[in-house]
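Architecture and fold: a report
Letter by letter, the chains look like this.
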Amino acid sequence: MAQALDHIRVLDLSRVLAGPWATQLLGDLGAEIIKIEHPERGDDTRSWGPPYQENAATGDREASYFLSANRNKKSVCVDIATKAGQDIIRDLASKSDVVIENFKTGALAKYGLDADSLCRANPQLVYCSITGFGQTGPYANLPGYDLLIQAMGGLMSVTGVRDGDPGAGPMKVGVALVDILTGLYAANAIQAALMSRDRTGRGQSIDVALLDCLVAAMANQSQAFLATGESPGRMGNAHPSICPYDVFQTGDGHLVLAVGNDGQFRSFCKHVGLSELPDDERFSTNAARVANRVELTAIIGDVLNAKTTSQWLDILADSKVPIGPVNTLANVFDDPQVIARGTRTDLSHQTLGHVPAVRCPIRLSETTVGEGIGAPSLGQDTHSVLADVLGYCRARIAELEAGGALGTDL
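Report on the accompanying structure.

Another aspect to go through is the overall build of the protein. Scanning the protein from N- to C-terminus turns up 16 helices and 13 strands. Overall, the C-alpha framework of the protein stretches about 85 × 50 × 45 Å when taken along its three principal axes. Taken over 410 residues, the protein has a buried fraction of 45%. Put simply, 69% of the contacts in the protein that link residues at least 6 apart link residues at least 24 apart.

Moving on to the sheet that holds strand β5 (residues 74-77). Two orientations exist for strands paired in a sheet by backbone hydrogen bonds: parallel and antiparallel. Here we have six strands laid out as an open sheet, ordered β5-β2-β1-β6-β7-β8, and parallel in their pairing. At either margin of the open sheet sits one strand with a lone partner, and together these are β5 and β8 (205-209). Averaged over all pairs of adjacent strands, the angle between strand axes in this sheet comes to 20 degrees, irrespective of strand direction. In the sheet, strand β1 (residues 9-12) pairs with strand β2 (residues 32-37) via four bridges, with the strands oriented parallel. Within β2, the position partnered with Leu11 by the bridge is Ile34. Of the strands in this sheet, β6 (98-101), β7 (126-131) and β8 touch helix α6 (residues 177-200), which is tilted by about 160 degrees from β7.

Here we take up the nonpolar core. Judged by nonpolar contacts, the single largest core of 34 residues is most densely connected at Val10, Leu26, Cys128, Ile130 and Ile190. Those elements giving two or more residues to this core turn out to be α1 (18-28), β6, β7, α6, β8 and α7 (210-217). Of the residues forming this core, the biggest block, six residues, is contributed by α6. In contact with Ile190, not counting residues within four places along its chain, are Leu26, Val98, Ile100, Val126, Cys128 and Ile206.

Right, let's get into the pairing of strand β9 (residues 245-249). On any regular strand, side chains alternate: one points to one face of the sheet, the next to the other face. Where burial is concerned, the two faces of β9 differ: the one with Asp246 and Phe248 is buried and the one with Tyr245, Val247 and Gln249 is not. Note: β9 against strand β10 (residues 254-258), five bridges, orientation antiparallel. The partner of Gln249 across the bridge, within β10, is His254.

Another point: the sheet that holds β9. As summarised here, the arrangement of the three strands in space is β9-β10-β11, forming an open sheet in which the pairing is antiparallel. Edge strands, defined here as strands with exactly one partner in the open sheet, are β9 and β11 (323-325). Pairs of neighbouring strands in the sheet enclose a mean axial angle of 25 degrees, with direction left out of account. The strands that helix α11 (residues 293-304) touches are β9 and β10; relative to β9, the one it contacts most, it runs at about 40 degrees.

The next point concerns the environment of Gly201. Structurally, Gly201 is set in the loop between α6 and β8. Along the chain, Gly201 and Val385 lie 184 residues apart, while their C-alpha atoms are 26 Å from each other. In this view, Gly201 contacts Gln124 and Ser196; residues no more than four positions away in its chain are not counted.

Inspection of the secondary structure assignment puts Glu62 in strand β4 (residues 61-63). For Glu62, a relative accessible area of 9% translates into the label buried. A distance of 2.8 Å separates polar atoms of two side chains, one belonging to Glu62 and the other to Arg46. When residues no more than four places from it in sequence are discounted, the contact partners of Glu62 are Arg46, Tyr52, Gln53, Leu67, Leu352 and Pro376.

Take the pairing of β6 next. Of the two faces of β6, the one carrying Val98 and Ile100 and the one carrying Val99 and Glu101 are both buried. The sheet contact formed by β1 and β6 spans three bridges and is parallel. Note that in β6 the partner of Leu11 across the bridge is Val99. Both β6 and β7 contribute to a ladder of four bridges, which runs parallel. Across the sheet, residue Val99 finds its bridge partner in β7, namely Tyr127. Regarding the hand of the β-α-β motif, the stretch spanning β6, helix α4 (residues 115-121) and β7 is right-handed.

Attention now moves to the packing of aromatic side chains. In this structure the tally under the stated criterion is two aromatic pairs. Taken together, a centroid distance of 5.0 Å and an interplanar angle of 80 degrees make the contact between Trp48 and Tyr65 edge-to-face. Of this pair, Trp48 sits in the loop between β2 and β3 (52-54) while Tyr65 sits in helix α2 (residues 64-68), and the two are 17 residues apart along the sequence. Under the relative-accessibility criterion, Tyr65 is labelled partly exposed at 27%. Between Phe133 and Tyr139 the ring centres are 5.5 Å apart and the planes differ by 75 degrees, which places this aromatic pair in the edge-to-face class.

Applying the stated rule across the entire model yields zero disulfides. No disulfide involves Cys119; its sulfur sits 11 Å from that of Cys128, the nearest cysteine. Free cysteine: Cys243, not disulfide-bonded; nearest cysteine sulfur from Cys269 at 11 Å.

The rules behind these values
Residues numbered from 1 in each chain as written. Predicted model: local features only at pLDDT ≥ 70, side-chain atom pairs only at ≥ 80, totals over all residues. Heavy atoms only, no water. Helix = DSSP H or I, 4+ residues; strand = E, 2+ residues; numbered from the N terminus. Buried < 20%, exposed > 50% of the residue type's maximum accessible area, 1.4 Å probe, protein only. Contact = heavy atoms within 4.5 Å. Pairing = 2+ DSSP bridges. Axes fitted to C-alpha atoms, helices over the stretch in contact; angles between N-to-C directions. Core = buried A, V, L, I, M, F, W, Y, C linked by side-chain atoms within 4.5 Å. Polar contact = N/O pair within 3.5 Å; in protein donor to acceptor, adjacent residues only side chain to side chain. Right-handed = clockwise from strand over helix to strand, strands pointing away. Phe/Tyr/Trp six-rings, centres within 6.5 Å; stacked < 30°, edge-to-face > 60°. Disulfide = S-S within 2.5 Å.

Structural data, given as structure tokens:
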């Protein structure tokens, strides 16, 4: 089967995570991704290690961080600080459907590689800019990183141990979630712009900001503030609007209990020997359970602490109550559901042979989502892209290489 985006070429000027996450998704869906990297250092995340994926036989290695966000791409080394390098980017943009970049606001204008310049030369181009704070506003020229945005966007104010308890204080999420969310928003925006182009024949520029994306993704927490004027605080693992919805200690570990309605609560209580609770007016409705959270949590905690996690999972197996263990990643990749879905895969790599990877989670019935190839080695596709996409002859490529536009030893 064909792939949904196999007619789309993306010129990827982004690095680190938000932009590369967006282009990795587009590449998974079939788009040709031409990733532009600095000739010497490449994408910043190539040096973000340990850990590394290594080839014991050859000594070659690549940072696992880089591998996680750059499969199904071609690596082309171009020094955009040079006039010849800028000309290459313009040539590639003229033959691309999409350009995506995450330079600081206005940084590419001095090279003539900004949205206005490239879209004027190619009116069908979709140009996506990802920044910390957007193209407008008082913070537009400031740099933005995931940790900073988690703090400024309110995520850290609702993440972590509740105030007054041991270990309280702002806490970041365990992955660069803002970058991931921004990459997903950007990929959606790009596909929307391409669909619009199909109708109008014209591309457009896209302005995606990390702060905007996080505030939007705060979802019920943002809406709760808008509804009440009160800022929600940290609640540990508890939910502000549902109870019981928390992590509970068992006899040998922890168990997540996520009760979403009264029927589930009644079933849970029946299975764990607390059948009287649903008829207690303090706990008979979700609103009542939220109001009496402390008492209910203590009652459930005492019961669940009496048996092991596996014992409770067996007891509650037929309860239709959302429960589960708190897995390590080792547990995750050993989980029979994760295995059955083929989540772990292996991808070919130019120097590492084969590398383990996480499969794209999208399943489409009529078009394939390609597992494809692993992240590219630095500059591995420079010559082939310049020749095949731009039609540059060997002599011109050699001239560009000698002049420093492409770096050396490619």
